[in-house]
There are 4 protein chains.
Amino acid sequence: MDQQFASDNYAGICPEAWQAMQEANAGSAVSYGDDDWTHRAADGFRTLFETECEVFFVFNGTAANSLALAALCQSYHSVICAETAHIVTDECGAPEFFSNGSKLMTVPAHDGKLTPGAIRAVARSRSDIHFPKPSVVTITQPTEVGTVYTLDEVRAISAVCRELGLKLHMDGSRFGNACDTLGCSPAEASWKAGVDVLCFGGTKNGMAVGEAVLFFDHALAFEFDYRAKQAGQLASKMRFLSAPWVKMLETGVWRKNAAHGNACAQRLMGAIGDLPGVGAMFPVEANSVFLRAPEPVLEALRDKGWRFYTFIGGGARFMFAWDADPARVDALGADIRAAALG
Amino acid sequence: MDQQFASDNYAGICPEAWQAMQEANAGSAVSYGDDDWTHRAADGFRTLFETECEVFFVFNGTAANSLALAALCQSYHSVICAETAHIVTDECGAPEFFSNGSKLMTVPAHDGKLTPGAIRAVARSRSDIHFPKPSVVTITQPTEVGTVYTLDEVRAISAVCRELGLKLHMDGSRFGNACDTLGCSPAEASWKAGVDVLCFGGTKNGMAVGEAVLFFDHALAFEFDYRAKQAGQLASKMRFLSAPWVKMLETGVWRKNAAHGNACAQRLMGAIGDLPGVGAMFPVEANSVFLRAPEPVLEALRDKGWRFYTFIGGGARFMFAWDADPARVDALGADIRAAALG
Amino acid sequence: MDQQFASDNYAGICPEAWQAMQEANAGSAVSYGDDDWTHRAADGFRTLFETECEVFFVFNGTAANSLALAALCQSYHSVICAETAHIVTDECGAPEFFSNGSKLMTVPAHDGKLTPGAIRAVARSRSDIHFPKPSVVTITQPTEVGTVYTLDEVRAISAVCRELGLKLHMDGSRFGNACDTLGCSPAEASWKAGVDVLCFGGTKNGMAVGEAVLFFDHALAFEFDYRAKQAGQLASKMRFLSAPWVKMLETGVWRKNAAHGNACAQRLMGAIGDLPGVGAMFPVEANSVFLRAPEPVLEALRDKGWRFYTFIGGGARFMFAWDADPARVDALGADIRAAALG
Amino acid sequence: MDQQFASDNYAGICPEAWQAMQEANAGSAVSYGDDDWTHRAADGFRTLFETECEVFFVFNGTAANSLALAALCQSYHSVICAETAHIVTDECGAPEFFSNGSKLMTVPAHDGKLTPGAIRAVARSRSDIHFPKPSVVTITQPTEVGTVYTLDEVRAISAVCRELGLKLHMDGSRFGNACDTLGCSPAEASWKAGVDVLCFGGTKNGMAVGEAVLFFDHALAFEFDYRAKQAGQLASKMRFLSAPWVKMLETGVWRKNAAHGNACAQRLMGAIGDLPGVGAMFPVEANSVFLRAPEPVLEALRDKGWRFYTFIGGGARFMFAWDADPARVDALGADIRAAALG
């Protein structure tokens, strides 16, 4: 099909990841992660993040985030998160399943973001035994609506977590996009800002499959390997999950891919920013544009063959992956223009 | 490293699977399984198995078996299985985790096999509420010790399952090897023999990652898609899990790969069958040889660089994958001979 | 201590329940519910509810509601409930724990009540696999804020449940109070209005411990005995849980106790209804009064030794059990009056 | 019915426990355990055990043991226990349910007992990630077959637990009987012998309902209150669970009741010890006799109206509670004699 921007999961495998899989496919390798590629990939993360973090490779984001949260919670604990968090809206109860019952305490979010005040309010609202004890705060970076927490915002959230004895988890399924937007290093965007555990997404970044779970606090990683194994997240031929990471990190393409997606979002905004009646629902800070537009405009786009998810109140989401074709972005922009002015 | 036979997970991706991934990597595709490759793969299984089965693709065998059993059980049910079953010995409690507590009722096994009598004995041993109600029987085909149930044996187990109201699940992580040994069709080896649910292993068969769960009874597949999603087993870029299956099935290489592994096991046996003091611990009927040998012989093999898992009582496991090099098998045979005669 | 109205759990065992325990304590009885008292209690419910329902006895309301919901859900399902539902606010994640992950889908509630429209809105909001499939609606009767659904309201909710293929569960921890308010029979208040499963509370009704779970649809009760056993809710000396029910039902004291609590709530309202600046936060329809009052008034009450839970916005909850002393209710009324006029 | 000895759960509430409930039923009391009776009961345990242990009250033994083990395990851990352990044979998968998957590693038991050697063997058998990591050892004292570990045996097991980094849990559903047999203090029988967590059974000891969970290591009790609440084991009118303990402990009847049951078992043995063809299957060291007898003898007993559980190989279990009538024990002895000599 013609390229679509309904999801950055529509993209395939980027050349660097592909090349790594090809190289990894030479000969025998020890299974279950005790192979050279996996060791190199883990070391690659340690180098990139400038710290001796613990690194685990799992199959997808559902598992990465749910397992990480389960490692930070007992079943009677709760997780403080934005009401728009992916783990709340799109994981079919996976966090509750992996943790055997940890409750997600959702708080209203502005532009998809949690705030220190909202965190404090819910964490301090109750302290009796009938209320699941808050154990962890999770933020998505970039958020599900395409905004990016500033480093100051992350630091402020981290500070309130420290104050309240909560751990800080970052769902970084598009972590690379955030680093590009912030113009900072991965270390600055994560542990230096107070993040305890980061789920770094590989799939949306250009890989076939696979996410990395990084524990900056070693104690929190205790027995995470057992946890992942029991939950069906230990690959037997691990090298095919880990080798792509080696190349993604070594070549810097993790960042290049992200920057390309971000640029395409800006490119679309550049093409439609002056239009009357349509616009961005949220600040465009990563690789997505949530287009606010009247239903006839959306209908016209559908008629031209564009696919997109819609949201209450008239929004349409467009997401740009590593492979987004600028010409195709321009075509989308032109079609939006025609529809809006039509 | 030089090719090793410690596990058939040491092998890489076979050419057909690789080719499929390459083709699948062209352009955009809808995510989460609503793409052409995934539809083709599911249809491919229906064609191969000559029936309109329900087909799901998950990441690995831990999840395939555990999710399938969870779909057949409530938490207060039990699963009847051989004490040597992989789900008992090597899954770190995954079946109990996915099912939230279904107990594995192990029975002694001869040559890795369950028998109708043993199943009936445990199923009828208790009927009070303090005993988790048996709901399903699982058999591994080929077994964990490299033997293969005859079709008559499977049918007899299936008959006792029907009699007792139990479902029959088959762990087919090496299902292709069993088909080759039995010289029968996949349909004959599964639903025609009374199997309700089959986990067909792709990884050991030559793929990078991925197993297929086949429900021959549609009712049992009800909402399995939700179950897999919640448990972190729904791939966003599903095409890379499903495309290899398309080629594996269409080309028949699923069977060719299995036959090659089986032949290598026989090749090794041919090379060492006459030796005094060493021999096969179990009938060699699939792609593995469990070598019974005195510790000095095993030590000599280790000294020559061979890797293998050992078992109580002096056994060493060798497994042959699609890529096993006959010359390397011969080298192993020669080293065993030298050690045994040494 | 002087009688307090902070909770109807502060009350003891009513004479009829006590008498039943005393009688049940004569001699030996078969354990785990296969005794005469338990059979009589189950039959008593069938008589009272004029139907051959399935009846189970568990220890407390946490378990009754959580187990009932777990019986109506798979882990990837969701439960539609009011944001004020006890299972949401005060069970420390028990429903998620017993069900291994079923998500509670909360909807805003007016006077503690769900509406057909709100149920339909959430049930129809999504139908994709990333959203846990709604399976059951739960309503609390009387609600957590002391209001009572009319029979028409229950029927309307039941109708939308039938329309959408959802089961209807009623948390009746104070079910007797609702029957008294509605002036209807237990059958009319439950299955005749479309309720599939009712948790009938014994503890707040005057027993030491124990709730009954009633399934009006036999199919839904399938294997619930196993479920309760596994979850630690099967009493070995069951007669002491069931015998009190026999007397509560046979004597009609279940209703008399409830009526007394309701009357005390009205008594308090009669004493304070004319006061300026204070009043009921919600219609007083059962055995509780949520007093809206300025903080100085609440402070004055505390100073006089009254205990109560407080709510955001200045509310104080008072609940009246079977043993509420009218003179003590009057004393509370007088103290509120003095404080309000003070 | 005439008194039966099929189970010590057939007995009612002993006078001291009854008296306590009656006293506790006077007036109002704060709910959920923040009442005087509950504080006194917890202090009573601390006094009896001569240590500042943490004490929790739950409804039954299923929950007490399962919750305690869940507190000592993560889901990917395992519990080492005798194959005859009650948690293995008669809890319908409750330990796996409460822990969300911790596997019970059963080892063959002689006279119902674990040994240090067996524990070490299973704990050291594997150390790879596919094998659930042993975390705790559980022993039942007295055992399920009516034998009692000597203090030396408990100490030896405790020593191997310390050596291997395992916690030691004691299922003491009949703990009082063990203390009587050993002629030692509760402290000597538990923490002084190295037990970390003890579940002290109240129900079989003469109460209506209720078990105490004692943590001698405070760290292990961390957040156990939340765990119990979420799992439906927090009583609202807690005083009725705790008050009986106050009297049981203060009066010493916990021990007197146990001694009576033990004496009745010896009384039965005294009456039948000389008979040919029948005898005890296991040393009679607590309140049960497992009678080995030919089927015609058992049939004759059934014909005379005796109820009992039978075991493979021809055994019949008789258990004596606090209320066992010596004359009735003698009648049983006489009937066994008649049947054996018949």
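Given the structure is predicted, the values throughout are model-derived calculations rather than measurements.

### So, the relation of the copies chain A and chain B
- Expressed as a screw transformation, the operator carrying chain A onto chain B has a rotation angle of 180 degrees and an axial translation of 0.0 Å, and the superposed copies differ by an RMSD of 0.0 Å. Expressed as an axis order, the relation between the two copies is that of a two-fold axis. No C-alpha of chain A approaches the rotation axis more nearly than that of Phe-59 of chain A, which lies at 3.7 Å.
- An overlap of 100% is found between the interface residues of chain A and their copies at the interface of chain B, pointing to a shared contact surface.

### Quick look at the interface of chain A and chain B
- Contact with chain A, which involves 49 residues of that partner, is made by 49 residues of chain B.
- Taken over both partners, the interface formed by chain A and chain B buries close to 4200 Å², and the fraction arising from carbon and sulfur atoms is 55%.
- One can count two salt bridges joining chain A with chain B.
- For Lys-229 of chain A, the salt bridge goes to Glu-91 of chain B, with nearest N and O atoms at 2.9 Å.
- At the boundary of chain A with chain B, the tally comes to 32 residue pairs in polar contact (both at pLDDT 80 or more).
- Broken down by secondary-structure element, the contributors of at least two residues to the side of chain A that touches chain B are α1 (15-24), α3 (61-72), α5 (94-99), α10 (224-230) and α11 (239-251) of chain A.
- Class assignment of the residues belonging to the side of chain A that touches chain B gives a composition of 22 nonpolar, 20 polar and seven charged.

### Observations regarding the pairing of strand β9 (residues 288-292) of chain C
Residues and elements named next belong to chain C.
- Among the five residues that make up β9, four are buried, leaving the element largely enclosed by the rest of the structure.
- Bridging between strand β8 (residues 279-280) and β9 involves two bridges; their strand directions are antiparallel. Residue pairing in the sheet places Gly-279 in a bridge with Arg-292 of β9.
- With five bridges connecting them, β9 and strand β11 (residues 315-319) associate as antiparallel partners. Bridge pairing in β11 places Phe-290 opposite Arg-317.

### Considering the domain arrangement of chain A
Residues and elements named next belong to chain A.
- Split by domain assignment, chain A resolves into domain 1 (15-252) and domain 2 (254-341).
- Distance from the C-alpha centre of domain 1 to the C-alpha centre of domain 2: 28 Å.
- Between domain 1 and domain 2, the contact holds 27 residues from the first and 18 residues from the second.
- When domain 1 packs against domain 2, close to 1800 Å² is buried across both sides, 51% of that on carbon and sulfur atoms.
- When the area that domain 1 buries against domain 2 is broken down by residue, the three leading residues are Val-145, Asn-177 and Asp-180, summing to 24%.
- Taken together, domain 1 and domain 2 are joined by zero salt bridges.
- On the surface where domain 1 and domain 2 come into contact, there are 16 residue pairs in polar contact (both at pLDDT 80 or more).
- For the side of domain 1 that touches domain 2, the secondary structure elements donating two or more residues are α1, α8 (175-182) and α11.
- Grouping the amino acids of the side of domain 1 that touches domain 2 by side-chain chemistry returns 11 nonpolar, 10 polar and six charged.

### What about the UniProt feature "domain: Aromatic amino acid beta-eliminating lyase/threonine aldolase" (unreviewed entry) in chain A?
- The UniProt feature table records "domain: Aromatic amino acid beta-eliminating lyase/threonine aldolase" (unreviewed entry) at residues 4-291 of chain A.
- Taken end to end, residues 4-291 of chain A is 42% helix and 16% strand, and its first and last C-alpha atoms sit 15 Å apart.

### Structural notes on the pattern of salt bridges
- If you walk through the whole model with that rule in mind, you get 80 salt bridges over all chains.
- For Arg-162 of chain A, the salt bridge identified is with Asp-196 of chain A, shortest N-O distance 3.3 Å. Of this pair, Arg-162 of chain A sits in helix α7 (residues 151-164) while Asp-196 of chain A is found in the loop between α9 (186-189) and β6 (197-201), placing the two residues 34 residues apart along the sequence.
- Glu-163 of chain C is the salt-bridge partner of Arg-124 of chain C, the closest N and O atoms lying 3.1 Å from each other.

### Focus: the relation of the copies chain A and chain D
- Superposing chain A onto chain D takes a rotation of 180 degrees plus a shift of 0.0 Å along the axis, which leaves an RMSD of 0.0 Å.
- Comparing interface residues between copies, 100% of those in chain A also sit at the interface in chain D, which points to an isologous, same-surface contact.

### Regarding the sheet that holds strand β6 (residues 197-201) of chain B
All names here are of chain B.
- Strand order in the open sheet formed by seven strands is β1-β7-β6-β5-β4-β2-β3, and the pairing between neighbours is mixed. The open sheet has two edge strands with one neighbour each: β1 (54-58) and β3 (103-107). Going from strand to strand, the sheet's axes swing by 25 degrees on average, the running direction of each strand aside.
- For strand β4 (residues 133-140) and strand β5 (residues 167-172), the ladder comprises five bridges, and the chain directions are parallel.

### Quick look at the interface of chain A and chain D
- With 23 residues of chain A at the interface, the matching set in chain D holds 23 residues.
- On the chain A side of the interface with chain D, the three residues burying the most area are Tyr-76, Ile-129 and Tyr-226 of chain A, jointly 34% of the side's total.
- On inspection of chain A and its partner chain D, the count reaches two salt bridges.
- Here Glu-223 of chain D makes a salt bridge to Lys-133 of chain A, at a shortest N to O gap of 2.7 Å.
- Our enumeration of links across chain A and chain D arrives at 14 residue pairs in polar contact (both at pLDDT 80 or more).
- Secondary-structure elements contributing two or more residues to the side of chain A that touches chain D are α5 and α10 of chain A.

### Notes on the side chain of Lys-103 of chain D
- Here Lys-103 of chain D lies in strand β3 (residues 103-107).
- Engagement of the side chain of Lys-103 of chain D in a polar contact is seen with the side chain of Glu-96 of chain B, the distance being 2.7 Å.

### Topic: helix α13 (residues 295-303) of chain C
All names here are of chain C.
- Of the residues making up α13, those classed as buried are Val-297, Leu-298 and Leu-301. Around the axis of α13, the buried residues are gathered within 100 degrees of arc, so they sit on the same side. Exposed and facing more than 90 degrees away from the buried side of α13 are Pro-296 and Asp-303.
- If you follow the buried residues of α13, they end up packed against β9, β10 (309-311), β11 and α14 (326-341).

### Side note on helix α14 (residues 326-341) of chain B
Residue and element names in this part refer to chain B.
- Here α14 is 16 residues long and its end C-alpha atoms lie 22 Å apart, about the 22 Å a rise of 1.5 Å per residue gives.
- Among the residues of α14, those classed as buried are Arg-328, Val-329, Leu-332, Gly-333, Asp-335, Ile-336 and Ala-339. Here the buried residues of α14 occupy an arc of 165 degrees about the axis, which is enough to place them on one side. Seen from the buried face of α14, the exposed residues on the opposite side, beyond 90 degrees, are Ala-327 and Leu-341.
- Here the buried face of α14 lies against α12 (253-272), β9 (288-292), α13 (295-303) and β11 (315-319).
- Its side-chain oxygen at 3.0 Å from the backbone nitrogen of Ala-327, Asp-325 defines the N-terminal cap of α14.

How each quantity is defined
Residues numbered from 1 in each chain as written. Chains lettered and ligands numbered in written order. Predicted model: local features only at pLDDT ≥ 70, side-chain atom pairs only at ≥ 80, totals over all residues. Heavy atoms only, no water. Least-squares fit on C-alpha atoms with pLDDT ≥ 70 in both. Contact = heavy atoms within 4.5 Å. Buried area = accessible area lost by both parts, 1.4 Å probe. Salt bridge = Lys/Arg side-chain N within 4 Å of Asp/Glu carboxyl O. Polar contact = N/O pair within 3.5 Å; in protein donor to acceptor, adjacent residues only side chain to side chain. Helix = DSSP H or I, 4+ residues; strand = E, 2+ residues; numbered from the N terminus. Nonpolar A, V, L, I, M, F, W, Y, C, P; charged D, E, K, R; others polar. Buried < 20%, exposed > 50% of the residue type's maximum accessible area, 1.4 Å probe, protein only. Pairing = 2+ DSSP bridges. Domains from an automatic or database assignment. UniProt positions renumbered as here; feature names shortened; annotations may be inferred. Axes fitted to C-alpha atoms, helices over the stretch in contact; angles between N-to-C directions. Arc of directions from axis to C-beta. Expected span 1.5 Å × (residues − 1).

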